[in-house]
Amino acid sequence: MEELHTRFWPAHRTRNIHVPETSIWFNLATSAARFPQKTSMIFYDTELRYAEVKSAAERLAGFLQQACGVRRGDRVALYLQNSPQFVIAYYALLRADAVVVPINPMNRALELAAIVEDAGARVIIAAQDLYEHVEPLMGRVVQHAIIACYVDYLTAKTDLDVPDPLTAPRKLIRGSGITLWRDALERGYQPAAHLSTADDLCVMPYTSGTTGQPKGCMHRHRSVMHTAVATAMWGGLHQEERGLCVLPMFHVTGMQHCMNIGIYLGSTGVIMSRWNRELAGKLIERYRCTRWTSVPTMLIDFLASPTTAGYDVSSLASIGGGGAAMPEAIARASEARFGLKYLEGYGMTETMAPTHANPEAHPKRQCLGIPIFNTESRIIDPVTLADVPQGEIGEIVVRGPQIFDGYWNQPQATEEAFVTIDGKRYLRTGDLGRMDEEGYYFFVDRIKRMINASGFKVWPAEVESLLFAHPAVQEAVVIAAKDAKRGETVKALVVLKPAARGRQTPEQIIEWAKANMAAYKVPRVVELVESLPKSSSGKVMWRALQEQEDRASARA
């Protein structure tokens with residue numbers, strides 16, 4: 001395929017790059033050797049130096065090997081919020097030659113059990129406030145649990161708004177196979193020689209498919225290293241960066257942008273355990289953060305607050321992210337507030353974050369960007385698998401060194417995830433997109449999310465973006481509703497801006513939509529809601545809302 005995007009390639013960057021052929025552990029070891037007394041992370045005003053982080057990770061790795069019997073290739077579950085313990089445990093597992101299985105701390109007992117059992121994780125590192133969900137697994141699946149207390153790393157006085165679970169005093173949780181974090185480190189065990197190479201399994205984040213069954217994405221050190229190094233080079237990042245780290249580290253975007261990239265560079269991360277718009281503004285101002293990787297819902301919330309306008313955010317040199325298309329209206333408001341263009345990117349759990357990104361010198365709005373270093377992409381007909389003409393909609397497929405090996409213990413799902421074209425193996429993303437005349441990729445929607453209204457194809461993401469231009473709309477999500485005549489019709493759930501609440505009606509929004517979008521795209525139903533459900537990574541949970549709508553239709 002013709003690679004149109006090369007005209008806008010970042011200046012002074014080669015098309016392909018070489019990354020270290022080592023395990024990810026060596027990134028921490030190297031930064032600790034180069035910058036032992038430099039601050040690696042700031043956690044609600046408590047600072048940890050690189051030498052401290054490495055020492056703690058080595059002692060925990062020694063405990064995992066000697067007391068828990070962890071061996072090369074063993075899967076170990078990591079069940080924590082963003083915190084120093086998450087970072088230390090992640091690197092301790094890599095030092096012990098184990099495979100990290102990061103689990104969403106919002107998951108509860110049944111969800112946790114499904115992942116732990118599927119991964120065959122006999123050891124888990126968990127927060128004490130989550131132990132109630134771990135306890136049913138003890139002795140049955142899990143043989144050893146290391147229980148962490150966040151307050152152990154909150155040693156500095158702070159005036160910041162620290163979430164309640166982080167300030168809870170240490171509990172003396174006892175039982176067979178249970179060790180408290182502090183006790184594990186105080187044993188002072190040292191790990192055996194590090195054996196993992198670039199080709200060993202490194203991390204296995206879980207993603208849910210259309211069936212809702214969790215699937216473990218197998219990533220080797222090599223694929224994790226690629227996006228860490230490639231993202232740093234793409235953005236021209238350096239060791240003096242200070243990143244606001246609020247995206248969840250159990251998710252690949254937060255894992256890379258809020259942890260692995262910074263440790264590779266030897267820079268500093270300012271960690272938030274959960275989203276709080278006022279705290280975000282205060283931390284950017286206090287620590288002069290230079291970059292912020294976010295999702296659109298965070299920016300929407302930040303810009304909606306009248307008080308965040310008072311924070312000095314002039315230190316920010318880069319702001320960007322992905323997860324969903326950035327609405328045009330929000331992009332304009334963000335640019336006015338920060339004086340920066342929001343740089344969108346695109347990736348998946350299966351690709352360890354980005355496959356596409358916008359070049360800083362030539363970004364486009366509501367755009368996934370162009371394929372990054374060593375990466376190929378094309379848009380195909382999802383049925384015939386033939387390339388579609390430039391400008392037409394098809395499925396985005398990608399290939400590159402960041403692509404996962406496949407799904408753990410699911411060979412059929414792995415086979416279905418890939419397609420061979422012209423002798424090359426591509427990952428099928430399940431996302432519909434188009435490519436413009438300059439080689440930039442644009443997201444249309446998930447293949448399975450399309451609404452068929454009287455034969456017209458309606459893409460919810462497009463309608464949502466248009467609704468954001470309404471002066472009274474703070475957030476919106478579009479789903480399909482059953483319709484006796486049209487088969488399906490467009491329904492919008494809308495959160496109004498505070499000033500518009502009680503003044504704006506659904507009928508007024510529908511009339512505005514009729515004047516601003518094609519008739520077949522206009523929401524026939526608008527429901528005003530107080531809030532929209534979001535995942536811990538900040539994405540609106542449209543699938544849950546769609547399922548709720550489908551159940552209501554079935555009952556009716």
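Heads up: the structure comes first, above all this text.
Remember, predicted model here, so these are calculated numbers, not experimental data.

Parameters at a glance
- Residues numbered from 1 in each chain as written.
- Predicted model: local features only at pLDDT ≥ 70, side-chain atom pairs only at ≥ 80, totals over all residues.
- Heavy atoms only, no water.
- Pairing = 2+ DSSP bridges.
- Helix = DSSP H or I, 4+ residues; strand = E, 2+ residues; numbered from the N terminus.
- Contact = heavy atoms within 4.5 Å.
- Axes fitted to C-alpha atoms, helices over the stretch in contact; angles between N-to-C directions.
- Bend = angle between axes of the 7 residues up to and from the residue.
- Buried < 20%, exposed > 50% of the residue type's maximum accessible area, 1.4 Å probe, protein only.
- Phe/Tyr/Trp six-rings, centres within 6.5 Å; stacked < 30°, edge-to-face > 60°.
- Lys NZ or Arg CZ within 6 Å of the ring centre and 35° of its normal.
- Core = buried A, V, L, I, M, F, W, Y, C linked by side-chain atoms within 4.5 Å.
- Salt bridge = Lys/Arg side-chain N within 4 Å of Asp/Glu carboxyl O.
- Parallel < 35°, antiparallel > 145°, perpendicular 65-115°, else oblique.
- Left-handed = near helix turned anticlockwise from the far one by under 90°.
- Nonpolar A, V, L, I, M, F, W, Y, C, P; charged D, E, K, R; others polar.
- Lys, Arg positive; Asp, Glu negative; His and termini not counted.

Draft legend 1. Representation of the sheet that holds strand E18 (residues 370-371) in the model. Spatially, 9 strands are ordered E2-E1-E13-E12-E14-E15-E16-E17-E18 in an open sheet, and the strand pairing comes out mixed. A single partner strand is all that each edge strand has here, and the edge strands are strand E2 (46-49) and E18. Note that strand E16 (residues 342-348) and strand E17 (residues 353-357) share 4 bridges and pair antiparallel. Residue pairing across strands places Gly-345 opposite Ala-357, the latter belonging to E17. Against the sheet, helix H11 (residues 296-304) engages strand E14 (291-294), strand E15 (318-321) and E16, with an angle of about 115° to E14.

Draft legend 2. Summary view of helix H9 (residues 252-265). The largest bend in H9 amounts to roughly 30° and is located at Met-259. Of all 14 residues that make up H9, 12 are buried, and the element is covered over most of its length. Considered for burial, the residues of H9 that qualify are Val-252, Gly-254, Met-255, Gln-256, His-257, Cys-258, Met-259, Asn-260, Ile-261, Gly-262, Ile-263 and Leu-265. Just past H9, the residue Gly-266 takes up positive phi, approximately 85°.

Draft legend 3. Just unusual backbone geometry, in detail. Residue Ala-353 is not a glycine yet carries a positive backbone phi of 80°. One can find Ala-353 in strand E17. Among the residues examined, Ala-353 registers a relative accessible area of 4% and is labelled buried. At Asp-422, a residue that is not glycine, the phi angle is positive and equals roughly 55°. Secondary-structure assignment places Asp-422 in the loop between strand E21 (418-421) and strand E22 (424-435). In this structure Asp-422 comes out as exposed when scored by relative accessible area, which is 65%.

Draft legend 4. Expanded view of the packing of aromatic side chains. Under the criterion given, the structure shown has 15 aromatic pairs. On the numbers, 6.3 Å between centres and 20° between planes, the contact of Phe-86 with Tyr-90 is stacked. Of this pair, Phe-86 and Tyr-90 both sit in helix H3 (residues 84-95), 4 residues apart, which is roughly one turn of the helix. Exposure remark for Tyr-90: the relative accessible area of 0% places this residue in the buried category. Ring centres of Tyr-90 and Tyr-91 lie 5.4 Å apart, and the angle between their planes is 55°; on these two criteria the pair is classed as tilted. Here the aromatic residues Trp-275, Trp-292, Phe-302 and Phe-338 are joined through ring pairs into a cluster of three or more. When the ring centre of Phe-338 is taken as reference, the NZ or CZ atom of Arg-337 above it lies at 5.8 Å. In this arrangement the basic side chain of Lys-364 is found over the ring face of Tyr-440, its NZ or CZ atom lying 4.4 Å from the centre.

Draft legend 5. Inspection of the nonpolar core at higher detail. Residues Leu-60, Tyr-90, Tyr-91, Ile-125, Trp-181 and Trp-292 are the most contacted members of the largest nonpolar core, which totals 133 residues. Here this core gets 9 residues from one element, more than from any other, and that element is H3. Trp-181 has contacts with Leu-60, Gln-85, Ile-88, Ala-89, Ile-125, Ile-146, Ile-147, Ala-148, Asp-152 and Tyr-153, leaving out every residue within four places of it along the chain. Counting residues in hydrophobic clusters, the runner-up holds 22 residues, among them Ala-453, Ala-476, Ala-500 and Ile-510.

Draft legend 6. Quick look at the pattern of salt bridges. For the structure on display, the rule yields 36 salt bridges. Salt-bridge contacts for Arg-365 lead to Glu-335; the nearest nitrogen and oxygen are separated by 2.7 Å. Placement of Arg-365 in the loop between E17 and E18 and of Glu-335 in helix H12 (residues 328-338) is noted, with a sequence separation of 30 residues between them. Owing to a relative accessible area of 34%, Arg-365 belongs among the partly exposed residues under this scheme. For the salt bridge of Glu-464 with Arg-449, the shortest nitrogen-to-oxygen distance reads 2.5 Å. Taken together, the residues Glu-464 in helix H14 (residues 460-467) and Arg-449 in the loop between strand E23 (441-446) and strand E24 (451-453) connect sequence positions 15 residues apart. Residue Glu-464 is classed as buried on the basis of its relative accessible area of 12%.

Draft legend 7. Structural context of the packing of helix H2 (residues 50-66) against H3. Contact geometry of H2 with H3 gives a least axis separation of 8 Å together with a crossing angle of 55°. As the angle between them shows, H2 and H3 are arranged oblique. Here the hand of the crossing between H2 and H3 comes out right-handed. The residues of H3 that touch H2, namely those facing Val-53, Ala-56, Ala-57, Leu-60, Ala-61, Leu-64 and Gln-65, are Ile-88, Ala-89, Tyr-91, Ala-92, Leu-93 and Arg-95. Residues that form the contact of H2 with H3 fall into these classes: 11 nonpolar, 1 polar and 1 charged.

Draft legend 8. Highlighting the side chain of Glu-344. Tracing the backbone shows Glu-344 in strand E16. The buried charged residue Glu-344 lacks any salt bridge, with Arg-365 as its nearest oppositely charged partner at 7.9 Å.

Draft legend 9. Structural view of the environment of Lys-157. Here Lys-157 is to be found in the loop between strand E6 (144-148) and helix H6 (164-167). Separated by 172 residues in sequence, Lys-157 and Ala-329 place their C-alpha atoms 40 Å apart.

Draft legend 10. Looking closely at the pairing of strand E4 (residues 99-102). Covered by surrounding structure in E4 are Val-99 and Val-101 together with Val-100 and Pro-102, the residues of both alternating faces. In the sheet, strand E3 (residues 75-79) pairs with E4 via 4 bridges, with the strands oriented parallel. In the strand pairing of E4, Val-76 is matched with Val-100.

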